[in-house]
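Listed below, chain by chain, are the residues.
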Amino acid sequence: MYNTHVFLLTVDSSKGDDAYVSYHLDINFADNYQSVWNALTVAAVVCLARDDMMLRLDDFKPAPADILSDPDA
């Protein structure tokens, strides 16, 4: 059996190498009685991170489009 764990951590990236890593949660997907709650927890965190990134969209520069990036196309 595989150990299927997800750790939810946060880091203030503006502090560089001195940033404190804050531990929030250890999710064990092998726990059959918590599978739905674990999935909802991860989904909520991913949606919050996505929404925050969309608010900061103007802070990022678009990556250059490389037309020949897929040699099999």
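Model, not experiment: these values are computed from the prediction. (Residues numbered from 1 in each chain as written. Predicted model: local features only at pLDDT ≥ 70, side-chain atom pairs only at ≥ 80, totals over all residues. Heavy atoms only, no water.)

A. Up close: the overall build of the protein chain. Regarding its fold elements, the protein chain presents one helix and two strands. Ordered by position from the N terminus, the helices and strands of the protein chain form the series β-β-α. Taken over 73 residues, the protein chain has a buried fraction of 5%. Contacts in the protein chain between residues far apart in sequence, at least 24 positions, make up 14% of those at least 6 positions apart. (Helix = DSSP H or I, 4+ residues; strand = E, 2+ residues; numbered from the N terminus. Buried < 20%, exposed > 50% of the residue type's maximum accessible area, 1.4 Å probe, protein only. Contact = heavy atoms within 4.5 Å.)

B. Broad picture of the pattern of salt bridges. On inspection of all chains with the given rule, the structure shows two salt bridges. Between Asp-51 and Arg-50 there is a salt bridge, and its shortest N-O distance comes to 3.0 Å. (Salt bridge = Lys/Arg side-chain N within 4 Å of Asp/Glu carboxyl O.)

C. Region of interest: the packing of aromatic side chains. Taken as a whole and assessed by the stated rule, the structure comprises one aromatic pair. Taking the centre distance of 6.5 Å and the plane angle of 55° together, the rings of Phe-7 and Tyr-23 count as tilted. Of the two residues, Phe-7 sits in strand S1 (residues 5–11) while Tyr-23 sits in strand S2 (residues 21–28), which places them 16 residues apart along the sequence. (Phe/Tyr/Trp six-rings, centres within 6.5 Å; stacked < 30°, edge-to-face > 60°.)

D. Broad picture of the side chain of Asn-38. Along the chain, the position of Asn-38 falls in helix H1 (residues 35–55). Classification of Asn-38 as buried rests on a relative accessible area of 10%. Separated by 3.0 Å, the side chain of Asn-38 and the backbone oxygen of Asn-28 make a polar contact. Once residues within four sequence positions are removed from consideration, Asn-38 is found in contact with Ile-27, Asn-28 and Phe-29. (Polar contact = N/O pair within 3.5 Å; in protein donor to acceptor, adjacent residues only side chain to side chain.)

E. Representation of the layout of surface pockets within the structure. If you add up the space inside the largest pocket, you get close to 310 Å³. Every residue along the wall of the largest pocket is listed here: Leu-8, Leu-9, Thr-10, Val-11, Asp-12, Ser-13, His-24, Val-45, Ala-49, Asp-52 and Met-53. Those elements that place two or more of their residues in the lining of the largest pocket are S1 and H1. Of the residues contributing to the lining of the largest pocket, the split by class is six nonpolar, three polar and two charged. (1 Å grid on protein atoms, 1.4 Å probe; cavity = no way out; pocket = protein on both sides within 12 Å on 5 of 7 lines; lining within 4 Å. Points joined across faces, edges and corners; volume = space filled by probe spheres on them. Nonpolar A, V, L, I, M, F, W, Y, C, P; charged D, E, K, R; others polar.)

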